[in-house]
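Structural features, examined
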Amino acid sequence: MVRRVLRRGVLVLGLVGLGLGGVALSEAPAQAQGSQMVRQLEEALARAVNKYDTLQLQAAEKELQDAISQGLRFGVNDPVLAKLHVMLGVVRYGLTQDEGDAYEAFVSALEVDQGAQIHPDYQTPTLEAIMDRARAAVPPKTGGGGGKVEPEVIGRPEMKHVKIETASFGKPIDFVAEVPPTVPLYRITLNYRRYGEREYKTLEMRPDTETRFLATLPGGEVRSNQIDYYIEVLDRTGKILVASGGPGSPLNIVIFGTDGSDLPDDPVEQPSSGGRQWVYLNLLGGTGIGFATAPPRYYPQLEIVPGLAPAPFHVYGELGLKVSPEVDVGALYRYQVVEQEPLFAGARVR
């Protein structure tokens, strides 16, 4: 069903494009790019739905997060963005059973398209109740501005925050939020994550004046080609009074100065100052049991009854040469100490 809807949506976009022959030629490349971005988001939605249907919930969540971030970065204002948010709410509820996760995503969807709905294939009484709460929380839009928030100021009227569009790799980022004294706030938090991470980290924003709050993200955290973030104003009970962005629809900062790949979180193991290892020596000790079947080799006068027999304490030594970090050759020898008999000698390549 979802695929048929998506195909029908692409067909409508194509027919609309044919009716715009009178548009100036200078605008055509931008329109074509916008249409292409919408198609890419529709394809991402279809992939996420397929992963959700095959119980790949975490993969579906990442597909949706990446698509939403891409759509927001390029300023897409199309119902497909609302569909991505709705599906993200469905997926996150399936992952965590946390109504708050679904609620945040549904609110983000309704802020893009107030006609957004849960697809019939995924409707449940619980999800519908969450969607109803989200509709009640999103005020109706007025005017013909298309519902887009002014790009220079992000957030509801109670809080002003100038969105940070770009930053430099490894350099600190300063965040500023202004909240009027009429808002009964207790604390303000900056929540951020690097591209590819699922969980957000939190920084407390400190007061600079009565209405102005600041936070600085250390340069050591700016180690990705993109950083997602949102700001929340909380009361004493932890209730969100107002927010700029959200976990399901974060604001995005493009980081310049990287080679396009994220640095690992864990430090890279450095080679020892002494250079590469060339030889190694292993010395082990142990005991065990064996299965005796043949006549004795060293004491032929003894009568051996086939069966299990103990192997008294023995030592094992190996001396090897490391041809490369991945390949080594060595000679090995195992000696039985108690009865002073060689057990095994040989060589191996690993």
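A brief report on the enclosed structure follows. Note that this is a predicted model, so its numbers are computed, not measured. (Residues numbered from 1 in each chain as written. Predicted model: local features only at pLDDT ≥ 70, side-chain atom pairs only at ≥ 80, totals over all residues. Heavy atoms only, no water.)

Comments concerning the overall build of the protein
Scanning the protein for helices and strands turns up 6 helices and 13 strands. A total of 350 residues make up the protein; the buried ones form 33% of that total. Of the contacts made within the protein by residues no fewer than 6 positions apart, 63% connect residues no fewer than 24 positions apart. Carbon and sulfur atoms form 57% of the exposed surface of the protein, whose accessible area is close to 21,000 Å². (Helix = DSSP H or I, 4+ residues; strand = E, 2+ residues; numbered from the N terminus. Buried < 20%, exposed > 50% of the residue type's maximum accessible area, 1.4 Å probe, protein only. Contact = heavy atoms within 4.5 Å. Areas by Shrake-Rupley, 256 points an atom, 1.4 Å probe, with all protein chains shown as cover.)

Description of the sheet that holds strand β5 (residues 206–207)
Here we have 3 strands laid out as an open sheet, ordered β2-β6-β5, and antiparallel in their pairing. Two strands close off the open sheet at either side, each with one partner strand: β2 (173–178) and β5. (Pairing = 2+ DSSP bridges.)

Looking at helix α6 (residues 125–137)
Given a rise of 1.5 Å per residue, 13 residues ought to cover 18 Å, and the 19 Å separating the end C-alpha atoms of α6 matches this to within 8%. L127, I130, M131 and A134 are the residues of α6 that are buried. Each buried residue of α6 sits inside an arc of 100° when the element is viewed along its axis, so together they form one side. In this structure, α6 carries P125 and A136 as exposed residues pointing more than 90 degrees from its buried face. (Expected span 1.5 Å × (residues − 1). Arc of directions from axis to C-beta.)

Examining the pairing of strand β8 (residues 240–244)
The side chains of a regular strand alternate, residue by residue, between the two faces of the sheet. Pairing analysis gives 4 bridges linking strand β7 (residues 226–234) to β8, with the strands arranged antiparallel. Residue pairing across strands places V233 opposite V242, the latter belonging to β8. What sits between the antiparallel neighbours β7 and β8 is a turn of 5 residues, in which G238 has the positive phi angle 90°.

Concerning the nonpolar core
Grouped together as the largest cluster of nonpolar side chains are 37 residues, with contacts concentrated most on M87 and F106. Listed by contribution, the elements that provide at least two residues to this core are α2 (28–53), α3 (57–73), α4 (79–96), α5 (99–112) and α6. Here this core gets 10 residues from one element, more than from any other, and that element is α4. Contacts of F106, omitting those with residues within four sequence positions, involve V86, G89, V90, I118, L127, I130, M131 and A134. With 24 residues, the next largest nonpolar core counts V183, L190, M205 and L217 among its residues. (Core = buried A, V, L, I, M, F, W, Y, C linked by side-chain atoms within 4.5 Å.)

With respect to the packing of aromatic side chains
Counted according to the given criterion, the structure contains 3 aromatic pairs. Ring geometry for Y52 against Y122: centres 5.4 Å apart, planes inclined by 80°, an arrangement best described as edge-to-face. Note that Y52 is positioned in helix α2 and Y122 in the loop between α5 and α6, a separation of 70 residues in sequence. Taking the relative accessible area as the measure of exposure, Y52 reaches 19% and is therefore buried. Accessibility expressed as a relative area gives 10% for Y122, which makes it buried. Here the aromatic rings of F175 and Y229 are separated by 4.9 Å at their centres, their planes lie at 65°, and the arrangement is edge-to-face. Linking F175 in strand β2 with Y229 in strand β7, this pair joins segments that are 54 residues apart in sequence. (Phe/Tyr/Trp six-rings, centres within 6.5 Å; stacked < 30°, edge-to-face > 60°.)

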